[in-house]
Amino acid sequence: MFGSGSPPCEVCGKRVYPMEKIVADEKVLHKSCLRCQQCKKKLSLGTYASLEGQYFCKPHFKQLFQLKGNYSEGFGKKKQQHEWAEKKALAEKGGTSTPATADKSSGDAALSNAEQKKKDELREKHAQENSANQDAYRRRMEELRKKKEEKKREEEQKEKEDQARKEAYRKKREETLRQQEEARKKEQQQQKEREEQRRRDEEERKRQQREAQKRRDQLEKQSKEREEKQRKEQEEQQR
């Protein structure tokens with residue numbers, strides 16, 4: 001994702017990528033590596049203090065100074081009195097101070113102030129760069145969050161559409177089955193009506209046959225009676 005020219009961290013020695021980069025005292029570190037030497041608490045550009053390449057949280061920096069009354073002894077260096085004694089011995093050995101020495105001291109102080117000012121400017125510049133990187137990181141994360149939410153909404157919309165299609169198919173299937181059931185019942189009812197009509201037609205046919213047979217029997221009976229009557233009349237006439 002990033003080039004291979006990323007600088008190493010001053011603390012752990014591993015490569016530092018832009019999103020995890022922080023610059024303290026002109027040194028490049030991981031944000032997670034900027035920690036207090038005493039309590040190991042994670043620090044930021046506004047909460048750290050440094051001395052000779054070591055980083056401290058401001059409470060411990062102040063506490064270590066208050067323990068011995070000076071920075072050197074408080075942070076494990078030589079006592080200030082020892083340094084003064086060594087400087088005095090060197091001065092006595094080399095003779096008294098000359099105007100040139102005084103001028104050199106003034107020049108060193110001015111140079112130190114200029115260096116400190118330069119360090120402050122660089123620290124401010126790096127702080128701005130870190131702020132810009134953090135803003136870019138936040139914007140990127142916000143874009144990713146929006147894309148994730150948009151994808152989630154699309155998935156939810158797709159799921160709703162799938163549910164709607166399934167529900168429409170289910171209702172259509174139920175309607176088809178209902179229509180088929182109604183058609184089946186209607187067919188059964190029509191079948192029953194046809195059978196009932198055939199039964200009534202058969203009964204009517206049988207009734208008509210019985211009536212016809214009854215009329216034939218009556219006619220035959222009447223014919224026999226007439227014949228019997230005629231026979232009797234003939235017999236009487238013969239007598």
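Rules behind the numbers
Residues numbered from 1 in each chain as written. Predicted model: local features only at pLDDT ≥ 70, side-chain atom pairs only at ≥ 80, totals over all residues. Heavy atoms only, no water. Core = buried A, V, L, I, M, F, W, Y, C linked by side-chain atoms within 4.5 Å. Buried < 20%, exposed > 50% of the residue type's maximum accessible area, 1.4 Å probe, protein only. Helix = DSSP H or I, 4+ residues; strand = E, 2+ residues; numbered from the N terminus. Contact = heavy atoms within 4.5 Å. 1 Å grid on protein atoms, 1.4 Å probe; cavity = no way out; pocket = protein on both sides within 12 Å on 5 of 7 lines; lining within 4 Å. Points joined across faces, edges and corners; volume = space filled by probe spheres on them. Nonpolar A, V, L, I, M, F, W, Y, C, P; charged D, E, K, R; others polar. Salt bridge = Lys/Arg side-chain N within 4 Å of Asp/Glu carboxyl O. Polar contact = N/O pair within 3.5 Å; in protein donor to acceptor, adjacent residues only side chain to side chain. Patch = residues over 30% accessible without salt bridge, like charges linked within 9 Å, V, L, I, M, F, W, Y side chains within 5 Å. Areas by Shrake-Rupley, 256 points an atom, 1.4 Å probe, with all protein chains shown as cover. Lys, Arg positive; Asp, Glu negative; His and termini not counted. Charge placed at Lys NZ, Arg CZ, Asp CG, Glu CD. Phe/Tyr/Trp six-rings, centres within 6.5 Å; stacked < 30°, edge-to-face > 60°. Pairing = 2+ DSSP bridges.

Enquirer: Honestly, the nonpolar core in this entry has me stumped. Any pointers?
Expert: In globular proteins that are soluble, nonpolar side chains generally tend to be buried together. Within the largest apolar cluster, 18 residues are counted, with the highest numbers of intra-cluster contacts made by A24, L29, L34, L43 and Y55. Those elements that provide at least two residues to this core are β1 (21–24), β2 (27–30), β3 (48–51), β4 (54–57) and α1 (58–68). Setting aside residues up to four positions removed in sequence, Y55 forms contacts with A24, D25, K27, L29, L34, R35, C36, Q37, L43, Y48, A49 and S50.

Enquirer: Looking at this structure, I do not really get unusual backbone geometry. What am I missing?
Expert: What is expected of a backbone is that most residues other than glycine have negative phi and most peptide bonds are trans. With phi around 55°, D25 is a residue other than glycine that occupies positive phi space. Its place among the elements puts D25 in the loop between β1 and β2. Accessibility expressed as a relative area gives 28% for D25, which makes it partly exposed. Look at K40: it is not a glycine, yet its phi comes out positive at around 65°.

Enquirer: Hey, could you run me through empty space enclosed by the protein in this one?
Expert: In this approach the atoms are scanned with a rolling probe the size of a water molecule, which exposes any empty space left behind. With the rule as written, the count across this model stands at 1 cavity of 30 Å³ or more. Computed from the structure, the largest cavity encloses a volume of approximately 40 Å³. Looking at the largest cavity, the residues that line it are D25, E26, K119, L122, R123 and H126. Residue classes in the lining of the largest cavity are distributed as 1 nonpolar, 1 polar and 4 charged.

Enquirer: Looking at this model, I keep getting lost on the pattern of salt bridges. Mind explaining?
Expert: Between side chains of opposite charge, a pair can form as their charged atoms come close. The full count for this structure, using the stated rule, is 20 salt bridges. Between E175 and R178 there is a salt bridge, with the nearest N and O atoms lying 2.3 Å from each other. With a gap of 3 residues between them, E175 and R178 both fall in helix α4 (residues 99–238), about one helical turn apart. By relative accessible area, R178 is classed as partly exposed at 37%. Notably, a salt bridge pairs E181 with R184, separated by 2.3 Å at the nearest N-O pair.

Enquirer: Is there a simple way to explain the side chain of H30 in this structure?
Expert: For H30, the position within the fold is in strand β2. At 2.9 Å, the side chain of H30 forms a polar contact with the backbone oxygen of R15. If we skip the residues at most four places from it in the chain, H30 touches C9, C12, K14, R15, V16, E20 and I22.

Enquirer: For this particular structure, what's the right way to read a negative patch on the surface?
Expert: On the surface, a cluster of negative charge is contributed by E154, E155, E156 and E159. Look at E156 and you get partly exposed, because its relative accessible area is 36%.

Enquirer: Can you walk me through the packing of aromatic side chains in this structure?
Expert: Here a ring pair, both rings aromatic, is described through the centre-centre distance and the interplanar angle of the planes. Counted under the stated rule, the structure contains 2 aromatic pairs. Seen in terms of ring centroids, Y48 and Y55 are 5.8 Å apart; in terms of plane orientation they differ by 65°. Their pairing is edge-to-face. Since its relative accessible area comes to 4%, Y55 is described here as buried.

Enquirer: Got a minute to help me understand the pairing of β4 in this structure?
Expert: Regular strands place side chains that alternate from one sheet face to the opposite one. Where β3 meets β4, 4 bridges bridge the pair, whose relative direction is antiparallel. Paired with L51 across the strands is Q54, a residue of β4. Taking the residues between adjacent antiparallel strands as the criterion, β3 and β4 are bridged by 2 residues, where E52 takes a positive phi near 50°.

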